Protein chains: 2
Amino acid sequence: MKLEEAREQFIQAWGTLGSSWGINKAMAQIQAILLIAPEPLSTEEIMEQLNISRGNANMNIRALIDWGIVHKVYKTGERKDFFTSEKDIWELARRVATERKRRELDPVLKMLQQVSKVDDSSSREVKEFKKITASIEKFGHKAASTLDMFAKADQHWFFGLFTRKKR
Amino acid sequence: MKLEEAREQFIQAWGTLGSSWGINKAMAQIQAILLIAPEPLSTEEIMEQLNISRGNANMNIRALIDWGIVHKVYKTGERKDFFTSEKDIWELARRVATERKRRELDPVLKMLQQVSKVDDSSSREVKEFKKITASIEKFGHKAASTLDMFAKADQHWFFGLFTRKKR
DNA sequence: CTAAACTTTCAAAAAATATTGAAAGTTTTA
DNA sequence: TAAAACTTTCAATATTTTTTGAAAGTTTAG
């Protein structure tokens, strides 16, 4: 297989994966090309490689920087900005997990906390509502601490947990 | 807080959470109302509670059934179909995790396997490509077995792993 | 069998999301 | 300081995704 073909497959698949996880396809694809680029790329190079406009490139690069997984690099003698991706996959996963927890899980936990104050009543509706939301809240907190653990953990320790014997 | 208000908050938040994870908002909201419903609901009841059309309700209910997290229930003496959600949150999470692994992670692992056959070369481009894709593949396999473990594990054992001391 | 009750499908419309490109803004060089 | 080099913004446009509703399909009761 030629590099060009492999690159294309990788970029496409990464974009599709991103899409199904609610991430803009262009954003995922920019990250893909930065991942496999041996050198930081300029906005022009990104635009050209993905056939996207300057505005699109700019906005999505910024979003990636906000996620903390792409960094601006200054090259001496060059005026334009260059960009590089975090290349350590473990670190990448940690950043994404931490960020998504903060943006998506935490607000839900806050909401569950809120709704637990629903007026007590003997109605089946209220009982069921409380029961379910409480169980989700409990699960959510466990998931949150697992993510916190993941964010701080050493890779080998973390994955090792699952391949060792019970007890 | 009144039940109506709490319900509304819960349904909205569940829909938003779904959206940010690439799941149709209506689909997530249908699941939300089924979760907190003490009894199975009919298509009519779902349409009314969420203000959505019959076609929309029908398609998204089917999608939820395909995910294995909503079930059709037959009520004796009733001609129409009723639906109920899996109420055990741990089981729900397992189903979703298993399904998403199958739909999203597995294809990426397959692609990575494919592109690892890229023609060898001493070019920096090929070297970097191989290095990164190999590291993603390695990580992906570890994530896959962790998910498989999660899918089979007992809840208390699984979460317990993270709260116990290292070593 | 047949008509009522109910479910499914899908083309068209609406809504949401992503993309463009050019103007405005900023920084650097000479 | 002027203008070239580069970046950012955002209204308009294009694309994708979701939703609708009515027609077609299916099942059940009588």
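Quantities reported herein were computed from a predicted structural model and do not represent experimental measurements.

## Quick look at the interface of chain B and chain A
On the side of chain A, 55 residues touch chain B, which itself brings 56 residues to the contact. Together, the buried faces of chain B and chain A total about 5500 Å²; carbon and sulfur atoms form 73% of this surface. On the chain B side of the contact with chain A, M1(B), F139(B) and F162(B) bury the most area, a combined 13% of that side's loss. At the junction of chain B with chain A, the criterion picks out four salt bridges. If one sorts the elements of the side of chain B that touches chain A by residue count, helix α6 (residues 124-152) of chain B sits on top with 14 residues. Taken together, the residues of the side of chain B that touches chain A sort by class into 32 nonpolar, ten polar and 14 charged.

## So, the protein's contact with DNA strand C
Near DNA strand C there are 17 residues, and of these S53(A), N56(A), N58(B), R62(B) and D81(B) occur at the shortest range. For DNA strand C, the backbone portion of the atoms within 4 Å of the protein, that is sugar and phosphate, comes to 67%. At 2.4 Å from a phosphate oxygen of DNA strand C is found a side-chain nitrogen or oxygen belonging to N58(B). Here a phosphate oxygen of DNA strand C sits 2.8 Å away from a polar atom, N or O, in the main chain of D81(B). If you list the elements that add at least two residues to the surface near DNA strand C, you get α4 (54-66) of chain A together with α4 (54-66) of chain B. When residues of the surface near DNA strand C are assigned to their parent elements, the largest contribution, five residues, is made by α4(B). Taken together, the residues of the surface near DNA strand C sort by class into three nonpolar, seven polar and seven charged.

## Things to note about the pattern of salt bridges
When the charged atoms of two side chains with opposite charge come close together, those side chains can pair. Summed over all chains, the structure comprises 28 salt bridges over all chains. Salt-bridge contacts for K101(A) lead to D148(A); the nearest nitrogen and oxygen are separated by 3.7 Å. Placement of K101(A) in helix α5 (residues 89-115) and of D148(A) in helix α6 (residues 124-152) is noted, with a sequence separation of 47 residues between them. Between D81(B) and K72(B) there is a salt bridge, with the nearest N and O atoms lying 3.4 Å from each other. Three or more residues are tied together by salt bridges with common partners; here these are E44(A), R54(A) and K80(A).

## So, the domain arrangement of chain A
Residue and element names in this part refer to chain A. For chain A, the assigned domains are domain 1 (3-85) and domain 2 (89-163). At the interface, nine residues of domain 1 touch seven residues of domain 2. The largest per-residue losses of area from domain 1 upon contact with domain 2 belong to W21, W67 and I69, which jointly make up 64% of the total buried on that side. Viewed at the interface, domain 2 and domain 1 are joined by two residue pairs in polar contact (both at pLDDT 80 or more). Among the residues making up the side of domain 1 that touches domain 2, the classes are represented as five nonpolar, three polar and one charged.

## Some points on the relation of the copies chain B and chain A
Least-squares fitting of chain B to chain A yields an RMSD of 0.0 Å, with the transformation described by 0.0 Å of translation along the axis and a rotation of 180°. Such a turn and shift between the copies fits a two-fold axis. For chain B, the residue whose C-alpha comes nearest the rotation axis is G22(B), separated from it by 2.1 Å. Mapped onto chain A, 98% of the interface residues of chain B are again interface residues, and the two copies thus contact each other with one and the same surface.

The rules we used
- Residues numbered from 1 in each chain as written.
- Chains lettered and ligands numbered in written order.
- Predicted model: local features only at pLDDT ≥ 70, side-chain atom pairs only at ≥ 80, totals over all residues.
- Heavy atoms only, no water.
- Contact = heavy atoms within 4.5 Å.
- Buried area = accessible area lost by both parts, 1.4 Å probe.
- Salt bridge = Lys/Arg side-chain N within 4 Å of Asp/Glu carboxyl O.
- Helix = DSSP H or I, 4+ residues; strand = E, 2+ residues; numbered from the N terminus.
- Nonpolar A, V, L, I, M, F, W, Y, C, P; charged D, E, K, R; others polar.
- Near = heavy atom within 4 Å.
- Polar contact = N/O pair within 3.5 Å; in protein donor to acceptor, adjacent residues only side chain to side chain.
- Domains from an automatic or database assignment.
- Least-squares fit on C-alpha atoms with pLDDT ≥ 70 in both.

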